Amino acid sequence: MNIASLAPLAVVLPILGAALTFALNRNPLAQRVVSIGLLSLTLLLECWLLASVWTTGTASVTLGGWQPPWGVVMVVDQFSSLMLVVSSVISLAVLIYATGQGMADGDREAPVSIFHPTYLILVAGVSNAFLTGDLFNLYVGFEILLTASYVLMTLGGTGPRIRAGVTYVVVSVVSSVLFLIAIAMIYGATGTITMADLAIKLAELDPGTKNLLHVMLLVAFGIKAAVFPLSFWLPDSYPTAPAPVTAVFAGLLTKVGVYAMVRTETLLFPGDSLNTPLMVVALLTMLVGILGAIAQSDIKRLLSFTLVSHIGYMVFGLAMSSIAGLAAAVFYVAHHITVQTSLFLVTGLIERRGGSSSMDRLGGLAKLSPLLALLFFIPAVNLAGIPPFSGFLGKLGLLQAGIALGTPLALTLVVGAVVTSLLTLLAVARVWNRAFWRKPEDAEYPDPVLKNTAGIGLLPRTMVGPTAALVVFGVALTVFAGPLFQLAGNSAEQMLDRTAYIRSVLGENAPMPGIAAPHGDAPAGVPAGGALPASPAGKALPAAPAQGGGK
Amino acid sequence: MSVNLTLLIVMGVLFACGIYLILERSLTRVLLGLMLLANATNLLILSTGGYAGLAPLFNKSTDPRDYNDPLPQALILTSIVISFAVTAFMLGIIYRTWALARQDDIQDDAEDRRVAKTPSFDAEDDSVVPEETSEFPVTAVTEAAKEGGPE
């Protein structure tokens, strides 16, 4: 049996866990055991998937026995399995952290009976989005994770969270509607929503139609990924959520958007039709985001702005659409998920130790808690891209790819990336100076907790442990950067080539759009009803029985 | 492909009203706008299915071309369920906003306002050296600077 056929378990296991934890809502201990156990199991499975894909190549699973392009497929390739592993490491660490926080707090603030099932559903949605090879199923994956995130965002229902939650929900729903409109139009234009099939059929469309569909998908994903003109909602809504929730959102949700953008650019609409606007947008995302970060005095808001800013790096790598650029972007995504999540988890610890996440109220934390200072320092310099950390390697890869490309715009972006990196250093150095280095009495409005050192308990081990583990994982990304960069390079090569992906879904005889003439023969691997170029809309799937039953 | 013009016009009106409503500040109106947008999108998906046909129940004697395309309807069903869940959640949030603040409007982010009002002058970074911090007397350094830089 091929291990790839177990891929749907990455979605099924968390959903099963959600059902179990929901049933066990009167027994917090059982909830914790079930959710952590099932998530660990998922992580093991995904590591196995990654190993198998590494050796045997891209594989696909047809769900419910419907053959593509009729049914929903899940595709495991190197990029998606890498994203799965990294996202599961993150979500497991954050889950343990949140459980630790809940145990330490006596579960006052967050109703834990809701937290565990919702969190697992969020993980299931993220896995589904990474695995799916069907555009509508991607929408369903997005909706699963978004609906779970609405609940997590407004956990506790306090005033600020409701206010932030409203912005978040409305913006997310609008982006989902845009995505759905795009899907409808793509279906109308091509008669299919299987991504591998679309990769072939979109190439046959009129360039104007194609551009329209392309832009609509990018705008929908751009809102989710928080790319500059569409990023306004993120710093507004993320900081108010509980620390572990913000951490997992910062790590995963925007990256799912980036992942979808990568698939759009490489699989559905290859070629460089929109690369110039994407590059401009990447530059603006980097600069505007980081300038916003410098203005903040709250650590969580500052980190939210750096999150927006560093999405720009990934879009930059993507927009170069060269193997080197894409490989660096893939590496950067893995690095940034880890680092940004660790920083938000550390901020949760800072809030706990110093009583606030506002830099005006903090000071002297380095002396109060040297371990906390270390935990902040490593991911912070990693984020800013100080050698030898993985942030430096990712940025170096991007800069090299940009210089290799050599166009004036790419060189401008290289300069912009360096400036953003320096400004990131400035932003995290401000946090370091104000929260960690200065004396507590130098703070503008020192938090009483800082002076009253006697009455505070130590930070709970269950919270420090996962944070430290994540920081170590971030350092491990540096140590194993060689194999990781190789993996990123391979996956970039595969994504730009598309052959492996399309063949794994549609079979060995599938036509390759890059190789065949654009208006060549009817695709051989597709049943006759699937390709009717003369009447591409609507009735293209006459004999397909209710495929959507599985959706 | 034939398109039902009535459906298209209804869809256009729904989109227009929906977009108008989500630009309002009142949450209930925003919710209504989102619902209209979701339904307009459902109509759009429906119209991508092409002309109406027979129910897609398999029958050997029927020409495959006479069937209706079932996929858009399956998509719509999923999308209806999703928008139903989101609407229920929004209603919960709106009620909570009302319970907390006795108002239906979206409120501004207080921290945003505060950061926007912050003067560009930063006491920590921009002020003149506030006090003696080094072992070299400040006065000596500044006098040396006045005389044309340090020797």
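The shown structure was predicted, so the numbers you read here are calculated from the model rather than taken from an experiment. (Residues numbered from 1 in each chain as written. Chains lettered and ligands numbered in written order. Predicted model: local features only at pLDDT ≥ 70, side-chain atom pairs only at ≥ 80, totals over all residues.)

K.L.:
Even after reading the chapter, I still don't get the interface of chain B and chain A, so can you show me in this structure?
P.N.:
Accessible area lost upon the coming together of the parts is a frequently used measure of interface size. Listed as interface residues are 42 residues of chain B and, on the opposing side, 42 residues of chain A. Of all the elements in the fold, those that place two or more residues in the side of chain B that touches chain A are α2 (27-48), α3 (71-101) and α4 (110-117) of chain B. Here the side of chain B that touches chain A gets 16 residues from one element, more than from any other, and that element is α3 of chain B. Classifying every residue of the side of chain B that touches chain A by side-chain character gives 28 nonpolar, eight polar and six charged. (Contact = placed C-beta atoms within 7 Å. Helix = DSSP H or I, 4+ residues; strand = E, 2+ residues; numbered from the N terminus. Nonpolar A, V, L, I, M, F, W, Y, C, P; charged D, E, K, R; others polar.)

K.L.:
Looking at this structure, how should I read the nonpolar core?
P.N.:
Considering soluble globular proteins, one finds that nonpolar side chains tend to be buried as a cluster. L145, I183, A282, V315, F316 and V330 of chain A are the most contacted members of the largest nonpolar core, which totals 214 residues. Sequence-distant contacts of A282 of chain A, that is, excluding residues within four places in its chain, are made with G312, V315, F316, A319 and L413 of chain A. (Core = buried A, V, L, I, M, F, W, Y, C linked by C-beta atoms within 7 Å. Buried ≥ 20, exposed ≤ 12 C-beta atoms within 10 Å, placed from the backbone.)

K.L.:
Help me understand helix α2 (residues 28-56) of chain A, please; the structure alone is not making it clear to me.
P.N.:
In an α-helix, one turn spans 3.6 residues; hence positions three or four apart end up facing the same way. Residues and elements named next belong to chain A. Helix length check: α2 (29 residues) gives 41 Å between terminal C-alpha atoms against 42 Å at 1.5 Å per residue, within 8%. Burial in α2 covers these residues: Q31, R32, V34, S35, L38, L39, T42, E46, L49 and V53. G57 sits one or two residues past α2 and shows a positive phi near 95°. (Expected span 1.5 Å × (residues − 1).)

K.L.:
Please clarify how the environment of S79 of chain B should be interpreted in this entry.
P.N.:
Here S79 of chain B is to be found in helix α3. Under the C-beta neighbour-count criterion, S79 of chain B is labelled buried, with 24 such atoms within 10 Å. Apart from the residues lying within four places of it in its own chain, the contact partners of S79 of chain B are L180 of chain A together with A38, T41, N42 and I45 of chain B.

K.L.:
Just checking my understanding: could you explain unusual backbone geometry for this structure?
P.N.:
With glycine set apart, most residues show a phi of negative sign, and most peptide bonds adopt trans. Residue and element names in this part refer to chain A. Going from P387 to P388, the amide bond is cis rather than trans, its omega being 5°. Relative to the assigned elements, P388 resides in the loop between α15 (370-384) and α16 (390-405). Phi at A226 takes a positive value of approximately 60°, unusual for a residue other than glycine. For A226, the location among the structural elements is in the loop between α8 (207-225) and α9 (233-237). The exposure class assigned to A226 is buried, which follows from the 26 C-beta atoms found within 10 Å.

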